[in-house]
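Each chain is listed here by its residues.
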Amino acid sequence: MKYLIFLCFLTVTLNVLAQGKMSITEASFSKIKIKEGTRTVTLTNDYDKKWKMRINFPENASKENTLIIALHWAGGGDIYKEFNDCLALPALEFLNTIIVSPEGENQLWSTGNNVEKVLSIVENAKKYWNVNPDKIAVVGYSNGGNGSWYFADKYSQFFSAAIPMASSYPIKKKIDIPLYVIHGEKDDLFEVSRTTKWVKATEEAGTNLTYSVNKELSHFEACAYVDDLKLAGAWLQKIWNKK
């Protein structure tokens, strides 16, 4: 499935290049100006579908920027804004990085639409925002946490690290990029014992993984995990400093 999605993404890109013009997605993305602050942007993709996202540009965008793709928990509407504003941004803005929180459209992050969306953001960010391809991370909570695992597992060539939070992703094989996994001891949706099982399995297979369990928090207290995510951000900074 992942190869089919990637081939579709690649086919559209190659067709556009052959015609010597921008795709609709790229043309829409190219109009986004790098301007300090947080704002909501709507892109139009090649199938005339609207993609909404929350974008945070740091105070001093440099000639070479870093990028975090932040994937929200399950739901539609303005949940992507809430997730961005209460968790992703306050925890990670100290990294002076570009943070993009796309809308998941009430879908799993592994759907073809969302995979194409995320990969399009990554590819266009490298081109138009001077993002270092070796300094791109994916972060997510709950549904987004599983999405972070998914992208680390299936599309590791696009990312340098992943930070899944409050997740449960069955995996026993090695993942090629480092992970920092955050979970709550009192998680009442994804039992910590189950997540620990998969964490140990992939770690034993050779994955470079850090596992942090918050002893006090449950699943439905997402915005209370800011300090936990800040610690993961410090870990990510060390990963990027080695690049």
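Just above, that's the structure.
Residues numbered from 1 in each chain as written. Predicted model: local features only at pLDDT ≥ 70, side-chain atom pairs only at ≥ 80, totals over all residues. Heavy atoms only, no water.

A. Spatial organisation of the overall build of the protein. Tallying secondary structure elements over the protein gives seven helices and eight strands in all. The C-alpha atoms of the protein give 17 Å as radius of gyration, which agrees with the globular expectation for 243 residues (18 Å, within 12%). Based on the C-alpha atoms only, the size of the protein along its principal axes is roughly 55 × 40 × 40 Å. For the protein, the residues scored as buried account for 57% of the 243 residues in total. Residue pairs at least 24 apart in sequence account for 66% of intrachain contacts in the protein once pairs closer than 6 positions are excluded. For the protein, the accessible surface area stands at approximately 11,000 Å², while carbon and sulfur atoms represent 51% of it. Taking the average place of the 29 positive charges on the side chains of the protein and the average place of its 27 negative ones, the gap between the two points comes to 6 Å. (Helix = DSSP H or I, 4+ residues; strand = E, 2+ residues; numbered from the N terminus. Rg over C-alpha atoms; globule rule 2.2 N^0.38 Å. Buried < 20%, exposed > 50% of the residue type's maximum accessible area, 1.4 Å probe, protein only. Contact = heavy atoms within 4.5 Å. Areas by Shrake-Rupley, 256 points an atom, 1.4 Å probe, with all protein chains shown as cover. Lys, Arg positive; Asp, Glu negative; His and termini not counted. Charge placed at Lys NZ, Arg CZ, Asp CG, Glu CD.)

B. Spotlight on the pairing of strand β4 (residues 98-102). With five of five residues buried, β4 is to be regarded as a mostly interior element. Side chains Ile-98, Val-100 and Pro-102 project from β4 onto one buried face, and the interleaved Ile-99 and Ser-101 project onto a second face that is buried too. The sheet contact formed by strand β2 (residues 50-57) and β4 spans four bridges and is antiparallel. Residue pairing for β4: Met-53 is matched across the bridge by Pro-102. Where strand β3 (residues 65-71) lies against β4, three bridges are found, and the strand directions are parallel. Pairing of Ile-69 across the sheet is with Val-100, part of β4. In this fold, the crossover linking β3 to β4 by way of helix α3 (residues 79-92) has right-handed handedness. (Pairing = 2+ DSSP bridges. Right-handed = clockwise from strand over helix to strand, strands pointing away.)

C. Representation of the nonpolar core within the structure. Counting residues in each nonpolar core, the largest one holds 40 residues, and the members touching the most others are Ile-69, Val-100, Trp-129, Trp-149, Phe-151 and Phe-159. Of all elements in the fold, only β1 (37-44), β2, β3, β4, α4 (112-128), β5 (131-141), α5 (143-154) and β7 (179-184) reach the threshold of two or more residues within this core. Ignoring any residue separated from it by four or fewer positions in sequence, one finds Phe-151 in contact with Leu-71, Trp-109, Asn-114, Val-115, Val-118, Leu-119, Val-138, Ser-156 and Phe-159. Core analysis: the next-biggest nonpolar cluster, separate from the first, contains 32 residues, Leu-89, Tyr-141, Ala-222 and Ile-239 among them. (Core = buried A, V, L, I, M, F, W, Y, C linked by side-chain atoms within 4.5 Å.)

D. Main features of the packing of aromatic side chains. Under the criterion given, the structure shown has 13 aromatic pairs. Judged by centre distance (4.7 Å) and plane angle (35 degrees), the ring pair of Phe-29 and Trp-129 falls under tilted. On the criterion of sequence distance, the pair formed by Phe-29 in helix α2 (residues 24-30) and Trp-129 in the loop between α4 and β5 is long-range, its members being 100 residues apart. Here Phe-29 falls in the buried class, since its relative accessible area comes to 1%. With a centroid separation of 5.7 Å and an interplanar angle of 85 degrees, the aromatic rings of Tyr-150 and Phe-151 are classed as edge-to-face. Just as Tyr-150 is buried, Phe-151 falls in that class too. Taken together, the ring pairs connect Tyr-150, Phe-151, Tyr-155, Phe-158 and Phe-159 into an aromatic cluster. Just above the ring of Trp-198 sits the side chain of Lys-197; from NZ or CZ to the centre is 4.9 Å. (Phe/Tyr/Trp six-rings, centres within 6.5 Å; stacked < 30°, edge-to-face > 60°. Lys NZ or Arg CZ within 6 Å of the ring centre and 35° of its normal.)

E. Here's a closer look at the pattern of salt bridges. Inspection of every chain in the model, using the stated rule, returns 10 salt bridges. Close ionic contact of Asp-153 with Lys-173 constitutes a salt bridge, the shortest N to O distance being 3.1 Å. Of this pair, Asp-153 sits in helix α5 while Lys-173 sits in the loop between β6 (161-165) and β7; the two residues are 20 residues apart in sequence, bridging distant segments of the chain. Asp-153 gets classed as buried once you look at its relative accessible area, which sits at 13%. Look at Lys-173 and you get partly exposed, because its relative accessible area is 44%. Residue Glu-216 pairs with Lys-186 through a salt bridge whose shortest N-O separation is 3.7 Å. Here Glu-216, found in the loop between β8 (209-214) and α7 (226-241), pairs with Lys-186, found in the loop between β7 and α6 (192-204); they are 30 residues apart in sequence, far enough to count as distant. Glu-216 gets classed as exposed once you look at its relative accessible area, which sits at 55%. (Salt bridge = Lys/Arg side-chain N within 4 Å of Asp/Glu carboxyl O.)

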